[in-house]
Amino acid sequence: KQWYQRRVRGPSFLLCPHKHTWWPVEHCQPQLDQSKFVVFDTEAPEEPAPTEEQFGSLKVLFNQQLCLYSMYKVISQEDCYEDILPDFVKLTGLENAQNICIYN
């Protein structure tokens, strides 16, 4: 499908499923011919795990008010985000996670 789209629409890009970076189809096609699952960005370094301070800067909607996760942990009786926050930050990236409001 990507080869067809490239001929019809011009340049196409694929998202690396591991690092979430965009790659031209021409770069990816030889690897995709060999395997269905390919990590295109093998040279980029892993992002370090976020610190408690960085987790604390995430925005949470609590009782219809926006607050930082660090404040939410202090005022909330239970922390329903503790298990999901590391995955959330890993999937979105720290910079994006800090611009998104978390609501459960």
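In the block above lies the structure referred to throughout.
Draft legend 1. Main features of the overall build of the protein chain. Along the protein chain, the regular secondary structure elements total 6 helices and 5 strands. When the helices and strands of the protein chain are placed in sequence order, the string is α-β-β-α-α-β-β-α-α-α-β. Classification of the 104 residues of the protein chain by burial places 24% in the buried group. Long-range pairs, those at least 24 residues apart, make up 32% of the contacts in the protein chain with a sequence separation of at least 6. On the protein chain, roughly 8000 Å² of surface is accessible, and the fraction owed to carbon and sulfur atoms is 54%.

Draft legend 2. Fine view of the sheet that holds strand E4 (residues 65-68). One open sheet accounts for 3 strands, arranged E4-E3-E5; its pairing is mixed. Strands with a single pairing partner mark the edges of an open sheet, and in this sheet they are E4 and strand E5 (101-102). As paired strands, strand E3 (residues 59-62) and E4 are joined by 4 bridges and run antiparallel to one another. Paired with Phe62 across the strands is Gln65, a residue of E4.

Draft legend 3. Inspection of the nonpolar core at higher detail. Judged by nonpolar contacts, Phe55, Leu58, Val60, Cys67, Tyr69, Tyr72, Tyr81, Leu85, Val89, Leu94, Ala97 and Ile102 together constitute the single largest core of 12 residues. Broken down by secondary-structure element, the contributors of at least two residues to this core are helix H4 (69-75), helix H5 (85-92) and helix H6 (94-97). Residues within four places of Ala97 in sequence aside, it is in contact with Leu58, Phe88, Val89 and Thr92.

Draft legend 4. Spatial organisation of unusual backbone geometry. Phi angles above zero are rare outside glycine, and Asn63 is one such case at about 50 degrees. With respect to the element layout, Asn63 can be found in the loop between E3 and E4. Taking relative accessible area as the criterion, Asn63 reaches 62% and is therefore assigned exposed.

Draft legend 5. Looking closely at a nonpolar patch on the surface. Taken together, Leu68, Met71, Val74 and Ile75 make up a surface patch of nonpolar side chains, about 380 Å² in accessible area. Of all the elements, H4 adds the most residues to the nonpolar patch, at 3 residues. Residue placement: Leu68 occurs in strand E4. For Leu68, a relative accessible area of 40% corresponds to the partly exposed category.

Draft legend 6. Quick peek at the pattern of salt bridges. Inspection of every chain in the model, using the stated rule, returns 1 salt bridge. Residues Glu52 and Lys73 are paired through a salt bridge, measuring 3.3 Å at the closest nitrogen-oxygen approach. Here Glu52 is found in helix H3 (residues 52-56), whereas its partner Lys73 is found in helix H4, with 21 residues between them in sequence. By relative accessible area, Lys73 is classed as partly exposed at 39%.

What counts and what doesn't
Residues numbered from 1 in each chain as written. Predicted model: local features only at pLDDT ≥ 70, side-chain atom pairs only at ≥ 80, totals over all residues. Heavy atoms only, no water. Helix = DSSP H or I, 4+ residues; strand = E, 2+ residues; numbered from the N terminus. Buried < 20%, exposed > 50% of the residue type's maximum accessible area, 1.4 Å probe, protein only. Contact = heavy atoms within 4.5 Å. Areas by Shrake-Rupley, 256 points an atom, 1.4 Å probe, with all protein chains shown as cover. Pairing = 2+ DSSP bridges. Core = buried A, V, L, I, M, F, W, Y, C linked by side-chain atoms within 4.5 Å. Patch = residues over 30% accessible without salt bridge, like charges linked within 9 Å, V, L, I, M, F, W, Y side chains within 5 Å. Salt bridge = Lys/Arg side-chain N within 4 Å of Asp/Glu carboxyl O.

This is a description of form; function is not addressed.
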